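Summary of the model geometry
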Amino acid sequence: MKKALSLVLAIITLLFCLVGCNNSKEIVLTDEDIHTDYAGVYLTLSSVDTSGEHKKLNAVWHNETTKTVTYGNWFVIEMKDGDNWTDVSTADVSFTEEAYIIKANKTSEKSYTTKFADISKEGTYRVRTEFFVQESDESSKRGTTWIEFEVKPA
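Residues numbered from 1 in each chain as written. Predicted model: local features only at pLDDT ≥ 70, side-chain atom pairs only at ≥ 80, totals over all residues. Heavy atoms only, no water.

Description of the packing of aromatic side chains
Filter applied, for reference: By convention, a stacked pair of Phe, Tyr or Trp rings (six-membered ring in the case of Trp) has centres within 6.5 Å and planes under 30 degrees apart, an edge-to-face pair has planes over 60 apart, and any other such pair is tilted. Placement of a charge over a ring requires the Lys NZ or Arg CZ to be within 6 Å of the ring centre, with the centre-to-atom vector within 35 degrees of the ring normal.
Throughout the structure, instances matching the rule amount to 7 aromatic pairs. One aromatic cluster in this structure is built from Tyr-38, Trp-61, Tyr-71, Tyr-100 and Phe-131. Looking at Lys-110, its charged tip hangs above the ring of Tyr-112, at a distance of 6.0 Å from the centre. Between the NZ or CZ atom of Arg-126 and the centre of the ring of Trp-146, over which it lies, the distance is 4.9 Å.

Some thoughts on the environment of Thr-145
The test is simple: Helix and strand definitions here come from DSSP, where helices need a minimum of 4 consecutive H or I residues and strands a minimum of 2 consecutive E residues; each element is numbered from the N-terminal end. The rule is simple: take the accessible area with a 1.4 Å probe, protein chains only, and divide by the maximum for that residue type; under 20% is buried, over 50% is exposed, in between is partly exposed. Pairs of residues are marked as contacts when any of their non-hydrogen atoms sit within 4.5 Å. Think of a polar contact as two N or O atoms within 3.5 Å of one another; within protein, one of them needs to be a possible hydrogen donor and the other a possible acceptor, and neighboring residues in sequence only count if both atoms come from side chains.
Structurally, Thr-145 is set in strand S11 (residues 140–153). You can call Thr-145 buried: its relative accessible area is 0%. On a C-alpha basis, the gap between Thr-145 and Tyr-42 in space is 5.6 Å, while along the polypeptide they are 103 residues apart. The contacts of Thr-145, once residues within four sequence positions are left out, are His-35, Thr-36, Val-41, Tyr-42, Leu-43, Trp-61, Val-127, Arg-128, Thr-129 and Phe-131. In terms of polar contacts, Thr-145 uses its side chain to reach the backbone amide nitrogen of Leu-43, at 3.3 Å.

Here it is in structure tokens:
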């Protein structure tokens, strides 16, 4: 129920939040699916911040497992090209090596900037990032999650 409510609120927020994106384009959430390769750990898009020079995609990390999850600052923005995804980075970016921890059955917020990505074309994009799930005292498993969004004419 909590997951469904979170998704509904994110969709409603984004439908009412128009974002200028290089000459009358907007970012909208049209994808309601959860994308992850580790069940119970995923991202949802909560809002888009248009107040600065570059757009910020505000996301919520969800950990619906009984394990601790760790994620960092690394992410990539990609554009869908047929069945493939293409990196739309405009520069080599260095990320600080910070670790954010999400305890079991908790959430965490994180923003992702479009500053170093070209999202000027209409189409489907995603923010893809990685995380680690503490499997035992000695091992962890790497996972990937992403949120998709559309760039459309305003």
